[in-house]
Amino acid sequence: MEKFTTLTGVAAPLPIINIDTDMIIPKQYLKTIKRTGLGTALFSEMRYNEDGSENPDFVLNKPAYRQAKIVIAGDNFGCGSSREHAPWALADFGIRCVISTSFADIFYNNCFKNGILPLVVTAEQLKLLLDDAERGSNATLTIDLEAQTIKGPDGGTLNFDIDPARKHILLEGLDDIAGTLKSDPAISSFEGKMAANRPWL
């Protein structure tokens, strides 16, 4: 998994409350078990018209936000079903950070397993960030995970809290398997002792 240390990129404003996982990646795209190729389907029911053409009013279709790496969203982002395809689609599009006042728990946990930083901020902080994001291509934020700061386009800085264990996972780029393998020496030592002391097991 790619490490997350410092991210600088355009932030797209998406101030919609209760964006669920079906809105992030609709059910018809869930047949795949690959983590790649879902970026084109991200928010597809809002991004595309019925004839398949782009909806020019959707934020990620606007020229200033086509390369957005950050989404500033409304409350309760990622609610609904527990599909891991939602963070897969975000990551495949290029989104590495979602900022909101609250997240659905399963989606929040799935983000860390897929190299995405879900940041919880206050309502007041969210308003400031949405104001920054409305600047289009000038809506560039810098997120420093080690320092736990968000720097806006004017140089203003906000601080955020994050669980130390989850912070470590992103800084080191560890998915569940890689995290377990970090403990391989201790696991091997334990199994060796068990085999010696209880050979019948």
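These numbers were taken from a predicted model, which means no experiment stands behind them.

*Asks:* Mind showing me how you'd approach the overall build of the chain here?
*Replies:* Within the chain, the secondary structure is distributed over eight helices and seven strands. Taking the principal axes of its C-alpha atoms as reference, the chain extends roughly 65 × 40 × 25 Å. Residues classed as buried in the chain amount to 43% of the 201 residues present. A separation threshold of at least 6 residues defines the contact pool for the chain, and within that pool the share at least 24 residues apart is 66%. For the chain, the computed accessible surface area is about 10700 Å², with 52% contributed by carbon and sulfur atoms. Within the chain, the 26 negative side-chain charges are centred at a point lying 5 Å from the centre of the 20 positive side-chain charges.

*Asks:* Looking at this structure, I do not really get the pairing of strand β2 (residues 70-73). What am I missing?
*Replies:* Residues in a regular strand point their side chains to alternate faces of the sheet. Here β2 shows two buried faces, one formed by Ile70 and Ile72 and the other by Val71 and Ala73. Bridging between strand β1 (residues 6-14) and β2 involves four bridges; their strand directions are parallel. From the neighbouring strand, Leu14 faces β2, where its bridge partner is Ala73. In the sheet, β2 pairs with strand β3 (residues 97-100) via three bridges, with the strands oriented parallel. Residue Val71 lies in a different strand from β3, and its bridge partner there is Val98.

*Asks:* Looking at this structure, how should I read the pairing of β1?
*Replies:* With seven of nine residues buried, β1 is to be regarded as a mostly interior element. Here β1 pairs with strand β5 (residues 140-144) via five bridges, running antiparallel. Along β5, the bridge assignment pairs Leu7 with Ile143.

*Asks:* Explain helix α5 (residues 123-133) to me, please; I cannot follow it from the model alone.
*Replies:* An α-helix turns once per 3.6 residues; consequently, residues spaced three or four apart project the same way. Of the positions making up α5, those classed as buried are Gln125, Leu126, Leu129, Leu130, Asp132 and Ala133. Angularly, the buried residues of α5 cover 155° about the axis, an arc narrow enough to put them on a single face. Opposite the packed face of α5, turned more than 90 degrees from it, sit the exposed residues Ala123, Glu124 and Lys127. Where α5 is buried, its residues contact β1, β2, β3, β5, β6 (149-151) and β7 (157-159).

*Asks:* Would you mind showing me how to read the UniProt feature "domain: Aconitase A/isopropylmalate dehydratase small subunit swivel" (unreviewed entry) in the chain here?
*Replies:* Per the UniProt record, "domain: Aconitase A/isopropylmalate dehydratase small subunit swivel" (unreviewed entry) is found at residues 1-122. Across residues 1-122 one finds 20% helix and 17% strand; the C-alpha atoms that close the span lie 29 Å apart.

*Asks:* Would you mind going over the sheet that holds β6 with me for this structure?
*Replies:* Across a sheet, paired strands are connected by hydrogen bonds in the backbone, their directions being either parallel or antiparallel. Judged by pairing direction, the sheet is mixed, and its seven strands sit side by side in the order β4-β3-β2-β1-β5-β6-β7 without closing on themselves. The sheet is open, and its two borders are formed by β4 (117-120) and β7, each paired with just one other strand. With strand direction ignored, the average angle separating the axes of adjacent strands in the sheet is 25°. Pairing geometry for β3 and β4, over four bridges, is parallel.

*Asks:* Which parts of the structure should I look at to understand the packing of helix α4 (residues 105-112) against helix α6 (residues 164-172)?
*Replies:* Between two packed helices, both the angle of their axes relative to each other and the distance between the axes serve to describe the pair. Close contact between α4 and α6 brings their axes to 9 Å; oriented N to C, the two are set at 40°. Regarding the angle of α4 to α6, the classification is oblique. Every residue of α6 that contacts α4 at Tyr108, Asn109 and Phe112 is listed here: Arg166, Ile169 and Leu170. Residues belonging to the contact of α4 with α6 are distributed by class as follows: four nonpolar, one polar and one charged.

Procedures and definitions
Residues numbered from 1 in each chain as written. Predicted model: local features only at pLDDT ≥ 70, side-chain atom pairs only at ≥ 80, totals over all residues. Heavy atoms only, no water. Helix = DSSP H or I, 4+ residues; strand = E, 2+ residues; numbered from the N terminus. Buried < 20%, exposed > 50% of the residue type's maximum accessible area, 1.4 Å probe, protein only. Contact = heavy atoms within 4.5 Å. Areas by Shrake-Rupley, 256 points an atom, 1.4 Å probe, with all protein chains shown as cover. Lys, Arg positive; Asp, Glu negative; His and termini not counted. Charge placed at Lys NZ, Arg CZ, Asp CG, Glu CD. Pairing = 2+ DSSP bridges. Arc of directions from axis to C-beta. UniProt positions renumbered as here; feature names shortened; annotations may be inferred. Axes fitted to C-alpha atoms, helices over the stretch in contact; angles between N-to-C directions. Parallel < 35°, antiparallel > 145°, perpendicular 65-115°, else oblique. Nonpolar A, V, L, I, M, F, W, Y, C, P; charged D, E, K, R; others polar.

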